[in-house]
Amino acid sequence: MKKGTLLIILIVVILFLANLSLFIVDETKQAIVLQFGKPIRAIKEPGLNWKVPFIQNVVFFEDRLLVYDAAPTEIITKDKKTLIVDNYARWKIIDPLEFLQTVHDLIGAQARLDDIIYSELRVDLGLFDMSEIVSERREGIMKRVTEISNEKANTYGIEIIDVRIKRVDLPPENEKYIFDRMKAERERIAKQYRAEGQEESAKIIAETEREKTVILAEAYKTAQTLKGEGEAEAIKIYAESFNQDPEFYKFYRTLEAYRKTFIDKTTVLLSTDSDFLKYLSKP
Amino acid sequence: MPDYYDEEKEKIINLAEKIPKLIFSKKIFGIILVLVIALYLASGIFIVAPDEQGVVRRFGKFVRIESPGLNYHLPYPIETVVTPAVTRVKRVEIGFRTISPGPPVRYQKLPAEALMLTGDENIVSAEAIVQYKIKDPVGYLFNIILPEETVKNAAEAALRQVIGERKIDEALTVGKYEIQEGTKKLLQDLLDSYKSGIFVVAVQLQDVNPPNEVQEAFKDVASAKEDKSKYINQAQGYENDLIPKARGEAVQITKEAEGYKIERIKKAEGDVAKFNSILTEYKKGEYITQARLYLETMEEILPNMNKVIVDLKENQSLINLLPLGDTSILTAPSKEVAK
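If you're wondering where the values come from, they're calculated on a predicted model, not measured in any experiment.

Each value, and the rule that gives it
- Residues numbered from 1 in each chain as written.
- Chains lettered and ligands numbered in written order.
- Predicted model: local features only at pLDDT ≥ 70, side-chain atom pairs only at ≥ 80, totals over all residues.
- Contact = placed C-beta atoms within 7 Å.
- Helix = DSSP H or I, 4+ residues; strand = E, 2+ residues; numbered from the N terminus.
- Nonpolar A, V, L, I, M, F, W, Y, C, P; charged D, E, K, R; others polar.
- Pairing = 2+ DSSP bridges.
- Expected span 1.5 Å × (residues − 1).
- Buried ≥ 20, exposed ≤ 12 C-beta atoms within 10 Å, placed from the backbone.
- Axes fitted to C-alpha atoms, helices over the stretch in contact; angles between N-to-C directions.
- Parallel < 35°, antiparallel > 145°, perpendicular 65-115°, else oblique.
- Left-handed = near helix turned anticlockwise from the far one by under 90°.

(A) Region of interest: the interface of chain A and chain B. In this complex, chain A contributes 93 residues to the contact, which on the side of chain B involves 92 residues. The dominant element in the side of chain A that touches chain B, judged by the number of residues it contributes, is helix α6 (residues 172-242) of chain A, at 39 residues. Across the side of chain A that touches chain B, the residue classes tally to 44 nonpolar, 18 polar and 31 charged. Relative to strand β12 (residues 306-310) of chain B, strand β10 (residues 267-271) of chain A is paired through five bridges, and the arrangement is parallel. Paired with Leu269(A) across the two strands is Val308(B), which belongs to β12(B).

(B) How the structure looks around helix α7 (residues 246-261) of chain A. The end-to-end C-alpha separation of α7(A) is 22 Å, in line with the 22 Å expected for 16 residues at 1.5 Å each. Of all the 16 residues making up α7(A), one are buried; the element is thus mostly uncovered.

(C) Expanded view of the packing of helix α5 (residues 147-164) of chain B against helix α7 (residues 176-193) of chain B. All names here are of chain B. One can describe the packing of α5 onto α7 by two numbers: an axis separation of 8 Å at closest approach and a directional angle of 135°. Taken together, the axis directions place α5 and α7 in an arrangement best described as oblique. With respect to the hand of their crossing, α5 and α7 are arranged in right-handed fashion. On α7, the residues that touch Val151, Ala154, Ala155, Ala158, Leu159, Gln161, Val162 and Ile163 of α5 are Ile179, Gly182, Thr183, Leu186, Leu187, Leu190 and Leu191. In the contact of α5 with α7, the residues fall into twelve nonpolar, three polar and no charged.

(D) View of the packing of α7(A) against helix α9 (residues 286-301) of chain B. Where α7(A) contacts α9(B), the axes come no closer than 9 Å and their chain directions differ by 5°. It follows that α7(A) is roughly parallel to α9(B) by the angle criterion. Between α7(A) and α9(B), the contacting residues are Phe251(A), Tyr252(A), Leu255(A), Tyr258(A) and Arg259(A) on the first element and Gln290(B), Leu293(B), Tyr294(B), Thr297(B), Glu300(B) and Ile301(B) on the second. Tallied by class, residues from the contact of α7(A) with α9(B) come to seven nonpolar, two polar and two charged.

(E) Geometry of the sheet that holds strand β2 (residues 29-35) of chain A. Residue and element names in this part refer to chain A. Spatially, β3-β2-β5 is the arrangement adopted by the three strands of the open sheet, whose pairing is antiparallel. Bordering the open sheet on either side are β3 (38-43) and β5 (56-62), each of which pairs with just one other strand. Mean inter-strand twist for the sheet, computed between neighbouring axes without regard to direction, equals 25°. Where β2 and β5 come together, seven bridges link them in antiparallel fashion. Looking at the pairing, glutamine 35 lines up with glutamine 56 of β5.

Read these as geometric descriptors, not functional statements.
In structure tokens form, the structure reads like this:
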């Protein structure tokens, strides 16, 4: 019974000492052991570690990627346009010792990152026109800003993995100008479409009119040709027949013409010399 | 009061006497010890659900991944486990938020997040959903903080960058698929560069619209397009109406002419046939027939006419004999007039 009691006391004491001297560094953390506030060593690998109880203590630092999200700021581009740039950065504590000595903690780091990234971004964005920043230069600018900021941040035990422009927007008053321009542009396009439609329509109508005229002209041509052929044929037929006795034809046809021309109330002057009346004067 | 006090005191003393007996009774002590140790060891049993993976750390250091099912880790504080849901697809929304998943689904638009600049300095409103899941639980747990915010930030940056590379018309129409794929790739690259262990399942572009302020103008362009084809259709309608009519008219004209031609020929043939017959008979008695024809004609035409008969032998000048002013002669009554 005495033995048991001793064992328990021993276990408790061991656990108590272990609790004071052993500490776990998690996969997500890194640590610095301080002796009376003076850094002794940095622990970057996760696992079980020890310290001297009472005279040493441990501070932990985040070992994961950290977020730096700045408030949107106004930046003047090379072509003197104002842009509101909202950027963020992903960063990491790579040297906890340096980090502790220079910026001390996350709040200090945040302030330092503000200085570094903001000024670098301002300088770099000022080198380019707005359109370049929005489109083709964006990636390059971000790379450059990341590189240079990273170099500067290294002295604080910080590595900047990525500086990224999240949003590039125009100030509200410029937005209005853009909207007006977009409207004007759309109006122009709409006008163009309608005009094109009218043009196309006019073309089709003109072409249709032309085709109609051509069709009718062709028809006229064919018709006239046919009529001419008919006339010619008729003339030929008449001529062939009447040529058998032109005198008789003339006589016969004249009589026919008389019948048609001398109709009612025509006054005719008849000479007693005429064939018809010659028997009237000399019986 | 004192009595009461003593009684209480006595009870406590009695109890105190009993306690050591209980604890230090060897048998009970043994049982309790075994029980405690057993419970302690059993605390390492854990279940990994089918959509999870168990990530085990020993003294904070990653050691292994356990598959779904019943598993065991050494008890705390030696080993600890977390079980992130790796097959579950999570989503973040850009440009809008789902207020209630419905039905009916209700959304809230976030113009500040949705409006973005295009490469040609126009503004579009784009809304997208990003779906992601964990592909590497180790990276996901140990390399990044705030995974959802990380995905959202990176997705916004990627979408804006991709839209910024395009012109507005492209972004609004044909470029949709490209924007989706481009954003997905860029986002994945970013998340990989953070060693986040996140896999982008899909970037779905919900809507790319012109901003509200210019919506009308864009709609008008659409209706202008409609107008254009309307004008063309109308013209084609006119064409379709007119040309067949003209063709019909043309056929009519030519047919008429054909008819005329045949008519002329047939008439000629008929006239000639008549003349030929007459001529044949005429040849048989030329003088007689001529006279007969002449007289018959005269007989036929003269009765209806006003006649003035002049004897040229006595009045050589015709003019003198004209009955100028004397209407009685001109209107000499004929049978027809009298009627």
